[in-house]
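# Breakdown of the fold
Given next are the chains, with one letter for each unit.
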Amino acid sequence: MTIRKSMLLTAAAAFALGAAACTQAEQEKTEAHAEAAADNTAEAASQAGEVIESGAMKAAQAVESGAGKVADKLEENQAEAAAEGRPGAVDPATDRRVPDEN
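What counts and what doesn't
- Residues numbered from 1 in each chain as written.
- Predicted model: local features only at pLDDT ≥ 70, side-chain atom pairs only at ≥ 80, totals over all residues.
- Heavy atoms only, no water.
- Helix = DSSP H or I, 4+ residues; strand = E, 2+ residues; numbered from the N terminus.
- Buried < 20%, exposed > 50% of the residue type's maximum accessible area, 1.4 Å probe, protein only.
- Areas by Shrake-Rupley, 256 points an atom, 1.4 Å probe, with all protein chains shown as cover.
- Patch = residues over 30% accessible without salt bridge, like charges linked within 9 Å, V, L, I, M, F, W, Y side chains within 5 Å.
- Salt bridge = Lys/Arg side-chain N within 4 Å of Asp/Glu carboxyl O.
- Lys, Arg positive; Asp, Glu negative; His and termini not counted.
- Charge placed at Lys NZ, Arg CZ, Asp CG, Glu CD.
- pLDDT = per-residue confidence, 0-100.

### Remarks on the overall build of the chain
When its secondary structure is counted, the chain shows one helix and two strands. Beginning at the N terminus, the succession of helices and strands in the chain can be written as α-β-β. The proportion of buried residues among the 102 residues of the chain is 4%. Element-wise, carbon and sulfur atoms account for 60% of the exposed surface of the chain, whose accessible area totals about 8,500 Å².

### Focus on a negative patch on the surface
Judged by side-chain charge, E28, E31, E35 and D39 come together as a negatively charged surface patch. With respect to the element layout, E31 can be found in helix α1 (residues 3-84). Assessed through its relative accessible area of 48%, E31 is described here as partly exposed.

### Notes on the pattern of salt bridges
On inspection of all chains with the given rule, the structure shows two salt bridges. Salt-bridge contacts for E76 lead to K73; the nearest nitrogen and oxygen are separated by 3.7 Å. With E76 and K73 both in helix α1, this residue pair falls three residues apart, about one helical turn. Among the salt bridges present, the one from R86 reaches E84, with a minimum N-O distance of 2.8 Å. The class for R86 is partly exposed, based on a relative accessible area of 42%.

### Concerning the confidence of the model for the chain
Here the chain averages 81 in pLDDT, and 77% of its residues register 70 or above. The weakest mean pLDDT in the chain belongs to α1 at 81; the strongest belongs to strand β2 (residues 96-97) at 91.

### Side note on the environment of E75
Structurally, E75 can be placed in helix α1. In the structure, E75 is positioned 15 residues away from V90 in sequence and 8.8 Å away in space, judged by C-alpha atoms.

See the structure below:
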């Protein structure tokens with residue numbers, strides 16, 4: 001083998017090793033960035049989950065409050081209807097239905 005071919009093969013081997021080393025460093029850097037991104041994504045997802053849960057809780061409280069107000073109004077209407085003797089009305093105090101006049 002000539003010296004020129006030997007030098008060329010040595011240079012090619014050195015280049016390949018350098019490229020492999022560079023690639024390994026880049027892979028480690030990319031992996032570190034990916035891990036940081038995953039951590040940031042997990043934190044953001046956790047925060048989003050807390051915001052969603054808080055919103056759902058407030059919505060449930062609003063529904064509960066609204067339902068309570070509707071129930072109170074319905075009870076008031078039934079009490080008035082029963083006091084007036086309207087057939088089918090239910091007196092909330094006694095749970096008795098006003099009989100039909102037929």
